[in-house]
Structures are given as C-alpha cells and as structure tokens.
Amino acid sequence: MTEPASAPQALAAIAERLATANARFAAQYPASAPARQPVHSVYGGAHLFQAGGQQRLGQLALASLAEYAPDAATLAEALGLPADAALAHAVYERVRAKLAREPVEDQRADFEDGYGYRADAEEDAHARAVGQQLAAGLADGTLPPFVGIRIKALSAEAAPRAIRTLDLVLESLAARSGGAVPPRFVVTLPKVAMPEQVASLAQMLAALERAYGIAPGALAIDLMIEMPQAIVNERGENGVRHLVEAGDGRVMSIAFGTYDYTASCEITARYQAHDHPAADFARHAIQAALAGTGITISDSVTTLMPIGPHRAAAGQPLSAAQRDENRTVVWHAWKVHYDNIRRSLRHGYYQSWDLHPAQLPVRYAAVYAFFLEQREEAARRLRAFLDRASQASLVGNTFDDAATGQGLLNFFLRGIACGALTEGETEAAGVTLEELRSRSFMQIVAGRRAGPPAADTART
C-alpha cells in the first residue's frame, strides 16, 4: 500500500504542474513589447501601384491640407480639436513634417475591391507590373516601411484568379530582385471564412518561396475578417485563433472589414456603419482572441471621400460659392474620418485603412492628437509604475502589474514610431533613451535593480 505523500511533497507536485501550465500560457501569450506597427494601411488599385508612389501621395496630401486647412487653427476648427492652441500647433506641424518625410507607413497593391474583375490578360499584366515595381522600389529604397498585396478571396469562384495573380507577382518580383522581397512583406487574404483557406495560402507561399529562391518564411499573411463565420465558426467557437493557427506561423496581422461584415449579417446598406453594434462585437471578439499573442489588429475604412464636388476648368477658377461648397464637403468627410479613427484608437485599434491621399492629413492629425493629449498623464503614470516596480525589486518582492507598466511604455513606443511623440518627450516619464530602446518594462526594472538609470546624457 502506497503511503500518502507528505504535505510538502503534494504541494511540490502541484507547484510543478502549475509551473508547466504557466510556461505554456507564457508561450501562447508572450505579450512582448510590440515591434513597430503602422498606423494605417493605404489601399490602392494594383493597376496604379508604382515604386515611389508614396511620395506622390504625400504631395497630394500636403496640397489638400494647404487648400482646406492652411494653418493650425483652421485644421482644429475642421476636426473639432480641443481648444488648446499649443496642442493644435504641435499637431499641425508634426502632420506636415510627417507628410513630407514618410506619408505612407503601409501600402497594399490591391487586386480585390480597389481593382475589380478584369480580363485575365489584363490582370496578368498588372500582376507582373506590380512585381517589377516592388523590385524597383526595393532596389532604390522608395517603398514604404510596410508593403504588400491584396489578392482576391480563396472562394470557389475567385480562387483560381487569386492563385494566378499571387504566382505572377512573386515570380516577377523574384526575377528582378534575385529572390529578395521587401522587409515586412505581406499577402492580404480577404473574406476569410475557414481555416482551410488560410492553410492553403500558407502552403502556397512556402511552395513559391522554394520555387523562386525566396528565403523561407519571408512571405507573411495578413487576414481580413469580413465574414461572421470567421468570428463564430460552425461549432459556436471564436474562430479567430483557428484561422491564425492554420497559417503555420505566417499570420502576422488581422484586419477587420466593417461593411462586408455588416452586410453579411443582413444589415441594410443604410445602417452599415463604423459604429454599428454588430461591428463592435466583431472587433472585440478579434481583440479578445488575439490579446497578448503579438498578432497585430487593424480596424476598417472610412468610405466617405474628402473630394469637393467642383473642379476648376482651364482658365476658369472656381467661384467663391463653389470653393465654400468644396470646403464644406471636404470638412465633413474629414470629420467623419477623424471621428472613426479616434473611436478605433479608444477601442485599442491603433491601425486602420486609408483610401485617398486627402485622408492622410486627417489620419496623422487624429493619431497625433490622441498621443499628445495623453502625453503628460502617461508620463506621470509610467514614472510612478517604474518607481513602484523598482522598490519592489530592491526589497525582493515581485511586482505583479508588469502588464500595465508595459502598456504605458508601449504608449510612448507607438507614439514615437509614428512621429506623434519624440524620444525626448519620454524624459518626463523618467525613462532614458537607452531604457526606452530596450522596449521592455521589466528589463528597465531589472536594470535599475542592478544600478541607477543611465546618466542624463543619454536623454535628448
């Protein structure tokens, strides 16, 4: 007869099983400091895609800003920014600098909604041209930091065309680049409905990497969730993680498409809106499924374009009434886009889509105002968290609010990456540049436990 284990033995066995479960959880939800995530994805028809095209988009965006908001006060009036002249000025100047320096953070050559259905020979030609332009931009450094293509859905009807386009783009790109692809290159798969579609795309990418001499794993997947079946599968489960797992480690990001999703829920066109409760349910389901995994999430698009109804003809300038009407239309579209972006940010979606260059000033104004408005409060909270964590470590205790501390640090990392904040503005949080660049709250705490923070000379 086996003697019962002593209390210490029983507790040790339980603790060992708990440690195994905790290790498994940590592997599944690394919750690491994020690498840079773009604040938007700019979608444009593949037939228009050109290397260096982002600079042209930046010029058009600056022209729109100059015409409809030539100064900070006008932009603040158009968007409803807080009545703070210093904030409005900071937003305006940083937006202008961003549009001149890096107007597009992420770009898709779109073979789906922004392209439509064309004759096979025409899409073949455009697919090869996109590959050539990607190779040219890679060679001369004119691509945005993030870039990719969106193919058609892998549905029964569209799959043959999607597969052929994917093959032709990558064949053309690899032939011109010697197998090199842009860093952070993704293939966006729209209207995902089941894991088998994701698995098939992952298998295709692996096969194309081998065929065209592309480094294994260099081609990543971006999924677009626009179908209710992707949120709740046939077993009544949240299907998002199943989709990610089917990608064999290639799924880096997921985007939500409001309008196709709400249409699939039988919501009529009049009520298909960014803030519809059905869309919010899907957003939160995606967010809950992927929290802590490192998979980035992106919100949907504003479909109302900031385009005035009147255009000047050669030698015939617009009348004052026509200019006023243009401004009214553009300001209304800007405000709708601004409100949608701010709503996404409040919901924890730091990225969404842009479709037109005149949306870019609003994109950065909304994002920059979001970060600048919270900068001082976030700095105070981060300093307090660092002090508490450092004190706990010094006396041998465990600090168990590391996730909140990392979230505060991530606020600054995100703001700096997009140009909303400067590295020097972390000084109010008591974080040196050396600490900031570690990107890890607990690494900062561990460093302070070993000694004081780096000298002020490390700060800007």
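Residues numbered from 1 in each chain as written. Predicted model: local features only at pLDDT ≥ 70, side-chain atom pairs only at ≥ 80, totals over all residues. Heavy atoms only, no water.

Colleague: Where do I start with the pairing of strand E1 (residues 40–45) in this structure?
Modeller: Consecutive side chains of a regular strand alternate in pointing toward one face of the sheet and then the other. Within E1, five of the six residues are buried, which leaves the element mostly enclosed by the surrounding structure. With three bridges joining them, E1 and strand E8 (residues 352–354) adopt parallel strand pairing. Across the sheet, His-40 pairs through a bridge with Ser-352, a residue of E8. As defined by bridge partners, E1 adjoins strand E2 (residues 106–110) across four bridges and the pair is classed as parallel. Bridging across to E2, Gly-44 finds its partner in Ala-109. (Buried < 20%, exposed > 50% of the residue type's maximum accessible area, 1.4 Å probe, protein only. Helix = DSSP H or I, 4+ residues; strand = E, 2+ residues; numbered from the N terminus. Pairing = 2+ DSSP bridges.)

Colleague: I tried to follow the side chain of Ser-64 on my own but got confused; where do I start?
Modeller: Within the secondary structure, Ser-64 is located in helix H2 (residues 53–68). Note on Ser-64: relative accessible area 8%, which makes it buried. In contact with Ser-64, other than residues within four places in its own chain, are Ala-69, Trp-334 and Ala-358. (Contact = heavy atoms within 4.5 Å.)

Colleague: I tried to follow the pattern of salt bridges on my own but got confused; where do I start?
Modeller: A pair can form between side chains of opposite charge whenever their charged atoms are brought close. Per the stated rule, a full pass over the model turns up 30 salt bridges. Put simply, Lys-191 and Glu-112 hold a salt bridge, and the shortest N to O gap is 2.5 Å. Separated by 79 residues along the polypeptide, Lys-191 in the loop between strand E4 (185–189) and helix H7 (195–212) and Glu-112 in the loop between E2 and helix H5 (120–140) bring together distant segments of the chain. The exposure class assigned to Lys-191 is partly exposed, which follows from its relative accessible area of 25%. Linked by salt bridges that have partners in common, Asp-110, Glu-112, Asp-113, Arg-150, Lys-191, Glu-226 and Asp-260 make up one network. (Salt bridge = Lys/Arg side-chain N within 4 Å of Asp/Glu carboxyl O.)

Colleague: Quick question: what am I supposed to make of the sheet that holds E2 here?
Modeller: Paired through their backbone hydrogen bonds, the strands of a sheet run either parallel or antiparallel. The parallel open sheet is built from eight strands, whose spatial order is E7-E6-E5-E4-E3-E2-E1-E8. The open sheet has two edge strands with one neighbour each: strand E7 (296–298) and E8. Each strand axis lies, on average, 30° off the axis of its neighbour in the sheet, ignoring direction. Pairing analysis gives five bridges linking E2 to strand E3 (residues 146–150), with the strands arranged parallel. Residue Gln-107 lies in a different strand from E3, and its bridge partner there is Val-147. Relative to the sheet, H7 contacts E4, strand E5 (220–225) and strand E6 (251–256), its axis offset from that of E5 by approximately 155°. (Axes fitted to C-alpha atoms, helices over the stretch in contact; angles between N-to-C directions.)

Colleague: Even after reading the chapter, I still don't get empty space enclosed by the protein, so can you show me in this structure?
Modeller: Following the criterion strictly, the structure yields one cavity of 30 Å³ or more and no others. If you trace the largest cavity, you find it lined by Gln-37, Pro-38, Val-39, Leu-345, Tyr-350, Val-367, Phe-371, Arg-414, Ala-417 and Cys-418. Of all the secondary-structure elements, those providing two or more residues to the lining of the largest cavity are helix H13 (360–394) and helix H14 (402–418). With three residues, H14 is the single largest residue contributor to the lining of the largest cavity. For the lining of the largest cavity, the class distribution of residues is eight nonpolar, one polar and one charged. (1 Å grid on protein atoms, 1.4 Å probe; cavity = no way out; pocket = protein on both sides within 12 Å on 5 of 7 lines; lining within 4 Å. Points joined across faces, edges and corners; volume = space filled by probe spheres on them. Nonpolar A, V, L, I, M, F, W, Y, C, P; charged D, E, K, R; others polar.)

Colleague: Would you mind showing me how to read unusual backbone geometry here?
Modeller: Where the residue is not glycine, phi is negative for most of them; where a peptide bond is considered, it is trans in most cases. Look at Glu-266: it is not a glycine, yet its phi comes out positive at around 65°. Looking at the secondary structure, you find Glu-266 in the loop between helix H10 (258–264) and helix H11 (277–290). Of note in this structure, Arg-439 is not a glycine but carries a positive phi near 65°. Within the secondary structure, Arg-439 is located in the loop between helix H15 (433–436) and helix H16 (441–450). Residue Arg-439 is classed as partly exposed on the basis of its relative accessible area, which comes to 29%.

Colleague: Mind showing me how you'd approach the confidence of the model for the chain here?
Modeller: Here the chain averages 92 in pLDDT, and 94% of its residues register 70 or above. In the model, residues 393–398 has pLDDT below 50 throughout and makes five contacts with residues more than four positions away in sequence or in other chains. In the predicted structure, residues 455–460 sits below a pLDDT of 50 and forms eleven contacts with residues beyond four places in sequence or in another chain. (pLDDT = per-residue confidence, 0-100.)

Colleague: I would appreciate a short explanation of the pairing of E5 in the present structure.
Modeller: With six of its six residues buried, E5 lies for the most part within the structure. Neither face of E5 is open: one carries Ala-220, Asp-222 and Met-224, the other Ile-221, Leu-223 and Ile-225, and all of them are buried. Relative to E5, E4 is paired through four bridges, and the arrangement is parallel. The partner of Val-186 across the bridge, within E5, is Ala-220. Note that the unit made of E4, H7 and E5 has a crossover that is right-handed. In terms of strand pairing, E5 meets E6 through five bridges, oriented parallel. Counterpart to Ile-221 in the pairing with E6 is Val-251. (Right-handed = clockwise from strand over helix to strand, strands pointing away.)

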